[in-house]
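The lines below spell out each chain.
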Amino acid sequence: SQECGCKGLCLHQCKLPAQQFFQDELGLALTVSPNFVSQECQWSFGEVPLSPAQDPSFPDGCLSGCSSRQVLAESVSKSEASKADLCGYPV
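Overview of the structure. Computed from a prediction, not measured in an experiment: that's the story for all the values here. (Residues numbered from 1 in each chain as written. Predicted model: local features only at pLDDT ≥ 70, side-chain atom pairs only at ≥ 80, totals over all residues. Heavy atoms only, no water.)

### Re the overall build of the protein chain
Secondary structure summary: the protein chain contains three helices and two strands in total. Listing the helices and strands of the protein chain from first to last along the sequence gives α-β-β-α-α. Here the protein chain, with 91 residues, has 30% of them falling under the buried criterion. Restricting to contacts in the protein chain with at least 6 residues of sequence separation, those with at least 24 account for 40%. Approximately 5,900 Å² of the protein chain is accessible, and the part contributed by carbon and sulfur atoms is 53%. (Helix = DSSP H or I, 4+ residues; strand = E, 2+ residues; numbered from the N terminus. Buried < 20%, exposed > 50% of the residue type's maximum accessible area, 1.4 Å probe, protein only. Contact = heavy atoms within 4.5 Å. Areas by Shrake-Rupley, 256 points an atom, 1.4 Å probe, with all protein chains shown as cover.)

### So, the pattern of salt bridges
Applying the stated criterion across every chain, the model contains one salt bridge. Lys15 is the partner of Asp55 in a salt bridge, and the nearest nitrogen-oxygen pair spans 3.0 Å. You can see Asp55 sitting in the loop between strand E2 (40-45) and helix H2 (67-75) and its partner Lys15 sitting in helix H1 (residues 7-26), a full 40 residues away along the chain. The buried category is assigned to Lys15, whose relative accessible area is 1%. (Salt bridge = Lys/Arg side-chain N within 4 Å of Asp/Glu carboxyl O.)

### Let's talk about the pairing of E2
Of the pairings in the sheet, the one linking strand E1 (residues 30-35) to E2 comprises six bridges and is antiparallel in character. When the bridges of E2 are listed, Pro34 appears paired with Cys41. The turn joining E1 and E2, which pair antiparallel and follow one another in sequence, is formed by four residues; a positive phi near 60° is taken by Gln39. (Pairing = 2+ DSSP bridges.)

### Considerations on the packing of aromatic side chains
Per the counting criterion, the structure on display carries four aromatic pairs. Seen from their ring centres, Trp43 and Phe45 are 6.2 Å apart, and the 50° between their planes marks the pair as tilted. Looking at Phe45, the relative accessible area reads 48%, which means it is partly exposed. These aromatic residues form a ring-pair network of at least three members: Phe21, Phe22, Trp43 and Phe45. (Phe/Tyr/Trp six-rings, centres within 6.5 Å; stacked < 30°, edge-to-face > 60°.)

### Considerations on the state of the cysteines
In the structure shown here, the tally under the stated rule is zero disulfides. Cysteine Cys41 is unpaired, with the sulfur of Cys10 as its nearest cysteine sulfur at 4.7 Å. Cys41 sits in the partly exposed class, given a relative accessible area of 38%. (Disulfide = S-S within 2.5 Å.)

That is the geometry; function is a separate question.
Printed below as a string of structure tokens:
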């Protein structure tokens with residue numbers, strides 16, 4: 001997810017699966033807190049994660065420079081391009 005700059009990949013392919021694995025397989029609460037500016041994550045063991053609806057690491061819209069968003073924007077009409085967001089959040 002770092003190379004493509006896609007927030008959706010970070011959240012859905014790393015953060016949520018890691019939190020679930022540690023809870024389900026190891027019985028250890030884990031909160032993964034991504035920093036989308038530095039592209040680093042803080043792992044806080046023993047901290048119960050918030051639900052995605054309450055978690056502030058699920059910001060609205062795509063990240064600036066997201067190559068996936070650019071591809072999507074180029075494939076839709078100009079009127080829809082400003083709304084292009086692969087993560088499903090309003091831009």
